[in-house]
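A structural walkthrough
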Amino acid sequence: MSTSKHIDKICIAAVALMLVLTVLFMFGESLGITVIHREEDEETSEMFTANDLNADWDTTNACNIVLNGNNAKISGNGAYFNNNTLYIAYAGKYVISGTLDGSVHIDADGDDKIWLLFDGVDINSKTEPPLYIKQADKVFLTLKENSQNSLVFENDDENAEIDGCIFSRDDLTVNGKGNLTVTSSNLHGIVCNDSLVFTGGNINITAKVDGVHAHDAIKICNTDFTVSAGDDGLHAGNDDENSVFYMESGNINITECYEGIEANYITIGGGTVNILPSDDGINANGSGKTSLITVSGGDITVINKNGRDADGFDSNGSINITGGNVFISVTGTGTNNAIDYGSENGGKCTVSGGTVIACGSSQMAEYPDSDSTQGFIMGTVSGSENETISVLGADGKEIISKEIPCSFTSVIISSPDIAVGDTVTLKVGDTETEVIANKTESGGMDGFGNQGGFNPGYRNGRGDFPGQGGQNPFENGDGNTPPELPNGSGESGAFPQRQNGDNNPPQKPDENFSGGDMPGGQNGTPPEM
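Here is a short report on the structure shown in this document. (Residues numbered from 1 in each chain as written. Predicted model: local features only at pLDDT ≥ 70, side-chain atom pairs only at ≥ 80, totals over all residues. Heavy atoms only, no water.)

Moving on to the overall build of the protein chain. When helices and strands are counted, the protein chain shows 2 helices and 36 strands. The buried share of the protein chain, reckoned over its 529 residues, is 54%. Sequence separation of 24 or more characterises 62% of the internal contacts of the protein chain that already satisfy a separation of 6 or more. (Helix = DSSP H or I, 4+ residues; strand = E, 2+ residues; numbered from the N terminus. Buried < 20%, exposed > 50% of the residue type's maximum accessible area, 1.4 Å probe, protein only. Contact = heavy atoms within 4.5 Å.)

This is how it looks when you write it as structure tokens:
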């Protein structure tokens, strides 16, 4: 009988506890209790998720961290400080300000999402990246509106494995309306071993190697970049040849670089891009089976006055221009192609919209395919530096006019106002020439009355190398469809395991870590998500 009474009491207590827990679960937040949960990253578009685009997330229950030289004051949970390094160890939201001679390390569980708000951050480091994301599901770095933030990495080891001022092993998104200056004296500027997304901010990068370097993808909207790089301005690449560069809005100004933008699949649908390279401006690299440049909008300018084997657009596969404005000027000496594509791989350049002015060398020049549905003119014609080139319609009215900064010996011009078969007048300086749009039949006359191509010693009238059958070897059949992109949700999909490490986080303090004698050691459970 005594045992039965004890069991009854235990049952009553259990029911009461369940009722209390139910009430706390339903009304806990209104009672001032912090509720911890993980936030999903739902897609709102093909390329960007809701969290990618949200720079106004709630900071009410965030952990606030003030950096102060070689220590930090931490108000909240989820972070601790040790040996000039701020460690963030749990999912949550963190507001960071102040100056630090050291580094910020993020080392959380593999399914943790972390939000950082930079509100006037100045971090300098000589040994480790100022911002090092060792493990998380995804990190969102928000630049507070009008804030000035600076990260400087002065590592002297040019062969360092952790080789960026910002280095992330997992997906990283940068957004907001603030300013971020990234300086890397010997390595890359921003590195991401997965997908790197920019949806806001004014970002200024100076780097000895690449300005931005990602393994899987670089995706951009509503972001302003100024980049000075010793190698590539923005580079995405991996051994599987499925890397992606995607831009739908914003501004990219690459003032110095070897190559400007490089990836296997490059898509520009809007925004402004200005590139001053020493080699190629935009390069879809790879074997040719996985190389495609697509322009459907935006304003793109590539100017290279000193190149000797440089191209404005260079694709080892195809180039498709369906809209936007493309202006390319590479010097007319050497083998500098304004547009170069993988005709030897069965690739094509087609123009079905937009405006194209591309001037360069005639020595190995290629021009759009006759399948192009929009009128274009092309051929061998010479002009000096800063010569003005114009196209006049049959009525004598000007269709297009542009000053060309580099000397040139070949011209490609396409405009919605030029129809296939139109006879127009090309004016270079005081010289005028009648041109027939799209007259590029193999072995026939080009639009300027020149025989079958620019230089028959190099390529025939269609731009193929002699002996090539012209068969398209692209694995997907048409060579014009990029692979399925990472969805930005923090899942790597079919991409290879992240480089430079495994998926197991190192041992970290438990949630009750007190920080010992370290300043600001207020720690415990992670903050509300």
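There is more to say after this.
This part takes up the side chain of Lys 138. Here Lys 138 is to be found in strand S9 (residues 138–143). The buried category is assigned to Lys 138, whose relative accessible area is 1%. Here the side chain of Lys 138 touches Asp 52 through a polar contact of 3.0 Å, side chain to side chain. (Polar contact = N/O pair within 3.5 Å; in protein donor to acceptor, adjacent residues only side chain to side chain.)

The subject of this paragraph is the environment of Ser 228. With respect to the helices and strands, the residue Ser 228 is situated in strand S19 (residues 224–229). Taking C-alpha positions, Ser 228 is 8.7 Å from Asp 210, a pair spaced 18 residues apart along the chain. Excluding residues within four positions of it along the chain, Ser 228 makes contact with Ile 205, Thr 206, Ala 207, Thr 255 and Glu 256.

To continue, consider the environment of Gly 69. Mapped onto the secondary structure, Gly 69 falls in strand S1 (residues 63–69). A sequence separation of 29 residues divides Gly 69 from Gly 98, and the C-alpha atoms of the two residues are 8.1 Å apart.

On the basis of which strands lie adjacent, the open sheet formed by 4 strands has the order S33-S32-S35-S36 and antiparallel pairing. Every interior strand has two partners, whereas the edge strands, strand S33 (398–404) and strand S36 (431–436), have only one. The sheet shows a mean angle of 20° between the axes of neighbouring strands, taken without regard to direction. (Pairing = 2+ DSSP bridges. Axes fitted to C-alpha atoms, helices over the stretch in contact; angles between N-to-C directions.)

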